[in-house]
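What follows is each chain in one-letter form.
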Amino acid sequence: MIVKKGSARVDRVSPFYVMDIMSRAKTLESKGRHIVHMEVGEPDFSTPQPIVDAGVDFLKKGDVHYTEAQGLLALREKIAEFYTQQYNVKVSPERIFITPGASGALTVALATLIDAGDDVLMAAPGYPCNSNLIGLLGGVSCFIEASEDDNFQLNAASIASAWGDCTRGVMLASPSNPVGSMVDGETLKEIIQTIDERNGFLISDEIYHGLVYEERAVSALEFSDDVFVINSFSKFFGMTGWRLGWVIVPEHAMGAANRLMQNLFIAAPTHSQFAALAAFSGETKDILLQRCDEFKQRRDVLYDGLIELGFKVPVNPEGAFYIYADCSAFTNDSYAFALDLLEQVGVAVTPGLDFGMTYAERYLRFAYTTSIEEIKQGLEQLALYIDSRAK
Ligand SMILES: Cc1ncc(COP(=O)(O)O)c(C=O)c1O
């Protein structure tokens, strides 16, 4: 067979190592094994009923056509109102674009901003799709090695010292994936100043806002209108499968974002947009806040359990639903450890390799997207596994 040439840029898109874990977990489950799932980055809760009802009511009418490329005005107005209530900032609905998930939002933002050869700064470890997307667009991801000392986050000084001739901007996520650490308001303000002085862009990924357990999450929009803010209905709102998110762009980028939406997606899924109209109701909010409390309890159980077992957890996460744990007390190959952990005792976690090469072999990401009972069982199994390795 003649193998035709594919895209070299696509060849450089990295796979998710966790897929190996997930497919092995499925195989084991099909053989009757019970698996504790702590690998998946999505809430185990189902979509809140008021949102489901709104989606079903809309679908029953059968009138499922494209919306305008930018998204339903009624939904954009609700999002704008949400920014006033949540962050005390005024955002015009004209600057809001409804996208297929935060993934679509990140695609629109990056495609609006970068040309081939442009450098983009970001923290490592971080969300892997960012650097893959940048590579697809011909850009270059420049990783700033983050550590315990800087809360695994970027700051003005680290950005200033990494800024080079080809640097065009910065991507930041707070709370972050995989660490769950946050950037405080003062630091975010300094970061924006540093970027502005260099005439660069900031993409602020705020997808885990709402799922915060200590301090309030601060939006980049509280300090500047000249930022790209990413958010989604996936995580806090529990709507992963509906594929719905949004990006807020500066006024000067509205035309570009509109053209990209038209060409890349035509529009986000219509039924999901109608369902999301119920996402900001008081009834939905009560459900979501209760879930947030549950996540906090899960975090505490998992954090205490991991520490007791001898894992080092450099940051007790302030948000999201992950714990990034140093397993170097037990192994120098976290990928092999994750595979063996699943095989021997049925606990599925994500190896550090999925979040970049920085100390990857030393880290595992535990997602507390499962019940406290399951987490406790997972910790017991983990204890058995660690004991068996010591023998
Ligand atoms: C930091 C971050 N950004 C963006 C996404 C994409 O989310 P979605 O496309 O489901 O909204 C994820 C998903 O895990 C994420 O962790």
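Residue positions are given per chain, counted from 1 along the sequence in the order it is written. Reporting of local features is limited, given that this is a predicted model, to residues whose pLDDT is at least 70; pairs of side-chain atoms are given and counted only at 80 or more, and all residues count toward the totals for whole chains, interfaces and linings.

**Regarding the overall build of the protein chain**
No. 1: Helix and strand definitions follow DSSP, with helices as H or I runs of at least four residues and strands as E runs of at least two, each counted in order from the N terminus. Within the protein chain, the secondary structure is distributed over 13 helices and 12 strands.
No. 2: C-alpha atoms define the radius of gyration in this analysis, and the globule rule sets the expected value at 2.2 Å times the number of residues to the power 0.38. The C-alpha atoms of the protein chain give 21 Å as radius of gyration, which agrees with the globular expectation for 391 residues (21 Å, within 12%).
No. 3: Along the first, second and third principal axes, the C-alpha atoms of the protein chain reach 65 × 60 × 55 Å.
No. 4: In the protein chain, buried positions account for 44% of the 391 residues.
No. 5: Long-range pairs, those at least 24 residues apart, make up 75% of the contacts in the protein chain with a sequence separation of at least 6. Whether a residue is buried, exposed or partly exposed is read from the other C-beta atoms within 10 Å of its own C-beta, which are placed from the backbone; 20 or more gives buried, 12 or fewer gives exposed, and intermediate counts give partly exposed. Note that contacts rest on C-beta atoms placed from the backbone: two residues are in contact if these are within 7 Å.

**What to know about the packing of helix α12 (residues 334-345) against helix α13 (residues 372-390)**
No. 1: The axes are straight lines fitted to the C-alpha atoms, using for helices just the contacting stretch, and the angles between their N-to-C directions are given from 0 to 180°. One way to put it is that α12 packs onto α13 with a least axis distance of 10 Å and a crossing angle of 110°. As far as their axial angle goes, α13 and α12 are roughly perpendicular. Residues Leu341, Gln344 and Val345 of α12 form the contact with α13, whose participating residues are Gln381, Leu384, Tyr385 and Ser388.
No. 2: The classification used treats Ala, Val, Leu, Ile, Met, Phe, Trp, Tyr, Cys and Pro as nonpolar, Asp, Glu, Lys and Arg as charged, and all other residues, Gly among them, as polar. Here the contact of α12 with α13 is built from residues that sort into four nonpolar, three polar and no charged. For this classification, under 35 degrees means roughly parallel, over 145 means roughly antiparallel, 65 to 115 means roughly perpendicular, and everything else is oblique.

**Observations concerning the site of the ligand**
No. 1: In the vicinity of the ligand lie 13 residues, with Gly101, Ala102, Ser103, Ser232 and Ser234 positioned nearest.
No. 2: At three residues, the largest contribution of residues to the shell around the ligand is made by helix α5 (residues 101-113).
No. 3: Looking at the shell around the ligand residue by residue, the class counts come to four nonpolar, eight polar and one charged. For each residue, a C-beta atom is positioned from the backbone; the residue is called near a molecule or strand if that atom sits within 6 Å of it.

**Things to note about α5**
No. 1: Over its 13 residues, α5 extends 19 Å from the first C-alpha to the last, a length consistent with the 18 Å expected when each residue adds 1.5 Å.
No. 2: Most of α5 sits out of view: 11 of its 13 residues are buried.
No. 3: Residues Gly101, Ala102, Gly104, Ala105, Leu106, Thr107, Val108, Ala109, Leu110, Thr112 and Leu113 constitute the buried set of α5. In this analysis, the expected span of each helix is defined as 1.5 Å times one less than the number of residues it contains.

**Considerations on the sheet that holds strand β6 (residues 201-205)**
No. 1: Each pair of strands is called paired provided DSSP finds at least two bridges between the two strands. As summarised here, the arrangement of the seven strands in space is β2-β8-β7-β6-β5-β3-β4, forming an open sheet in which the pairing is mixed. The open sheet has two edge strands with one neighbour each: β2 (96-99) and β4 (140-145). The mean inter-strand angle of the sheet, taken between neighbouring strand axes irrespective of direction, is 20°.

**A look at the pairing of strand β8 (residues 245-248)**
No. 1: Of the two faces of β8, the one lined by Gly245 and Val247 and the one lined by Trp246 and Ile248 are each fully buried.
No. 2: Judged from the four bridges that link them, β2 and β8 form a sheet pairing that is antiparallel. Opposite Phe97, over in β8, you have Val247 as the bridge partner.

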